[in-house]
Amino acid sequence: MTEYDEIDFALLRALQIDATQSAGALGRIVGLSQPATWRRIKRLQSAGVVKNRRLHLDAEAVGFGVTVFLGVKLATKGRVSLEDFERAVSAIPEVQRVEHVLGLYDYRLRVVARDLPDFERVLRRRIMTLPGAGEVEANVLLSEERLPGPL
């Protein structure tokens, strides 16, 4: 395991706040030159600590006003491979996140839709027709108090 120092952690915090900052701007925050900062970022990327830099869109602002968390229990474990289910569910554009979990359900999905009728269409025509899809529990997101933040 690679060792990380306080400068690495400060750099990671700054990237989590705004990953679009230049290496020079990040260097000013953590007290390093632009080339030294760039080398650290590259090292963190090579080590797999920084996986990607993502743009976060407001789903409601672009027309997706409903977010639903689905618990999905596979109907026939052993008959349908987990990989087949994961590949099929990941191909549905409205499914933002697929998490294989331990507990009552096998998977937890985060699904966005324009409204509840649109969600019902996605559920009936896309999700419930997936290979191995069995029992489903839906929880509609009412509000989100805290967005994912720094580790």
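Residues numbered from 1 in each chain as written. Predicted model: local features only at pLDDT ≥ 70, side-chain atom pairs only at ≥ 80, totals over all residues. Heavy atoms only, no water.

*Asks:* Would you explain the side chain of Glu94 in this entry?
*Replies:* Its place among the elements puts Glu94 in the loop between helix H4 (82-90) and strand E2 (95-100). In terms of polar contacts, Glu94 uses its side chain to reach the side chain of Arg126, at 2.5 Å. Ignoring sequence-local partners within four residues, the contact set of Glu94 consists of Arg110, Val111, Val112, Arg121, Val122 and Arg126. (Helix = DSSP H or I, 4+ residues; strand = E, 2+ residues; numbered from the N terminus. Polar contact = N/O pair within 3.5 Å; in protein donor to acceptor, adjacent residues only side chain to side chain. Contact = heavy atoms within 4.5 Å.)

*Asks:* In this structure, what is going on with the sheet that holds E2? I would like to understand it.
*Replies:* By definition, the strands of a sheet pair up through backbone hydrogen bonds, in either a parallel or an antiparallel sense. Sheet architecture is open: four strands sit in the order E2-E3-E1-E4, paired in antiparallel fashion. On the outer flanks of this sheet lie E2 and strand E4 (133-140), each paired with one strand and no other. Pairs of neighbouring strands in the sheet enclose a mean axial angle of 20 degrees, with direction left out of account. Here strand E1 (residues 66-74) runs beside strand E3 (residues 107-113); their pairing, made up of seven bridges, is antiparallel. Paired with Phe69 across the strands is Arg110, a residue of E3. Its contacts with the sheet put H4 on E1, E2, E3 and E4, and the angle it makes with E2 is roughly 165 degrees. (Pairing = 2+ DSSP bridges. Axes fitted to C-alpha atoms, helices over the stretch in contact; angles between N-to-C directions.)

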